[in-house]
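What the coordinates show
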Amino acid sequence: MSTDVTGTSDVADRSEQPNETEILRYAAFTGDVAGGNPAGVVLDASGLDGTAMRAVAADVGYSETVFVTGGDAATRRFRVRYFSPLAEVPFCGHATVALAVALAERTGPGEIVLDTAAGEVPVSTAADDSGAVRATLTSVPTRSRPALATESDAALRALGWAPDDLDPDLPAHVAFGGAEHLVLAAASRARLADLDYDFDGLAEVMRRHGWTTVDLVWRESPERFHARNPFPVGGVVEDPATGAAAAAFGGYLRELGLVTRRGTIAIRQGEDMGRPSDLLIDVDPEDPRTRVTGQAVPIPQAGRPARIRGM
């Protein structure tokens, strides 16, 4: 099946250098390259195995890189895999948004479908009057359950937080939206801003329980939350924007009965690390899926785009 989605000019370029694969870089959930969460994007990874993809992700150094491993540009359906610098992850929201925008810029906006390890993820893209492209992904069905005391206590110790640092009206949960995340709600914005945790200790707790990130949130209002996402299991201290956690958080709000009718909730992330990011989630009490919307912009690269040789 064809996986060439890069346009005529790049096809000609690759015919001159057939053993090279282009690596694109995008900042997701932002309209400013100085904000958002950077993601690597490889539009044709059909010649790469898992070991090679992990090596590329480590070299790129972002929290995740997405690889299109197969599919059909004519039907706009693609198989994808996601890698952090340390390991493969089943789903990544910000890399999905980056990929969707990259595809829209090359083949035009519209609907695509991604086959991920977590399941089928439809994504729609649209350009505004200025030409900026926004993508909306629809997550796999979400779920959320109360965290066991042993789970939350171990995470709190690694974070250096006390139980009274938490908002009693937003209990700790383990939520899923393509990957599992521990959700902990801070009682104050100041508590959320003060993040200095035991990297190795939290990574060990997360590996033990199979969590991709810890989703730390603070409720500014029922329609607006702030978030931070430690990601030590991926070799990253913190994610500036986490679409998979946002999808899971939609399921968390639904499970708690905090969504009584379909609506949009804004999540501000990355502010405390100097990369402000804006995520919108659309949550419907009658639909277990979450729709996550954001913009993405290409990160300028000096000279020719980075390429992988001989893989």
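Our structure's up above, just so we're on the same page.
Quick look at the structure, then.

Definitions and limits used
Residues numbered from 1 in each chain as written. Predicted model: local features only at pLDDT ≥ 70, side-chain atom pairs only at ≥ 80, totals over all residues. Heavy atoms only, no water. Helix = DSSP H or I, 4+ residues; strand = E, 2+ residues; numbered from the N terminus. Rg over C-alpha atoms; globule rule 2.2 N^0.38 Å. Buried < 20%, exposed > 50% of the residue type's maximum accessible area, 1.4 Å probe, protein only. Contact = heavy atoms within 4.5 Å. Areas by Shrake-Rupley, 256 points an atom, 1.4 Å probe, with all protein chains shown as cover. Pairing = 2+ DSSP bridges. Axes fitted to C-alpha atoms, helices over the stretch in contact; angles between N-to-C directions. Parallel < 35°, antiparallel > 145°, perpendicular 65-115°, else oblique. Left-handed = near helix turned anticlockwise from the far one by under 90°. Nonpolar A, V, L, I, M, F, W, Y, C, P; charged D, E, K, R; others polar. Salt bridge = Lys/Arg side-chain N within 4 Å of Asp/Glu carboxyl O.

**Section: the overall build of the protein chain**
The secondary structure content of the protein chain amounts to seven helices and 18 strands. In terms of overall size, the protein chain behaves like a compact globule, its C-alpha atoms giving a radius of gyration of 19 Å where 311 residues would be expected to give roughly 19 Å. Residue burial in the protein chain is summarised as follows: out of 311 residues, 58% are buried. Considering only contacts within the protein chain whose residues lie at least 6 apart along the sequence, 66% involve residues at least 24 apart. When the accessible surface of the protein chain is summed, it comes to about 12500 Å², and 49% of that surface belongs to carbon and sulfur atoms.

**Quick notes on the pairing of strand β12 (residues 213–221)**
Of the strand pairs in this sheet, strand β11 (residues 180–185) and β12 are connected by five bridges, and their pairing is parallel. Its bridge partner being in β12, Leu184 is matched across the sheet by Leu216. By the bridge criterion, five bridges tie β12 to strand β13 (residues 224–231) in an arrangement that is antiparallel. Within β13, the position partnered with Leu216 by the bridge is Arg228.

**A short note on the packing of helix α4 (residues 149–159) against helix α6 (residues 199–209)**
Across the interface, α4 lies against α6 with an axial gap of 8 Å and an inter-helix angle of 160°. Regarding the angle of α4 to α6, the classification is roughly antiparallel. Read as a crossing pair, α4 and α6 show a hand that is left-handed. Contacts from Glu151, Ala154, Ala155, Ala158 and Leu159 in α4 reach Gly201, Leu202, Val205, Arg208 and His209 in α6. In the contact of α4 with α6, the residues fall into six nonpolar, two polar and two charged.

**Let's talk about the pattern of salt bridges**
Evaluated as defined, the whole model comprises 19 salt bridges. The closest approach of N and O atoms between Asp115 and Arg77, which form a salt bridge, is 2.9 Å. Taken together, the positions of Asp115 in strand β6 (residues 111–116) and Arg77 in strand β4 (residues 77–83) put the pair 38 residues apart, joining distant regions of the chain. For Asp115, a relative accessible area of 25% gives the class partly exposed.

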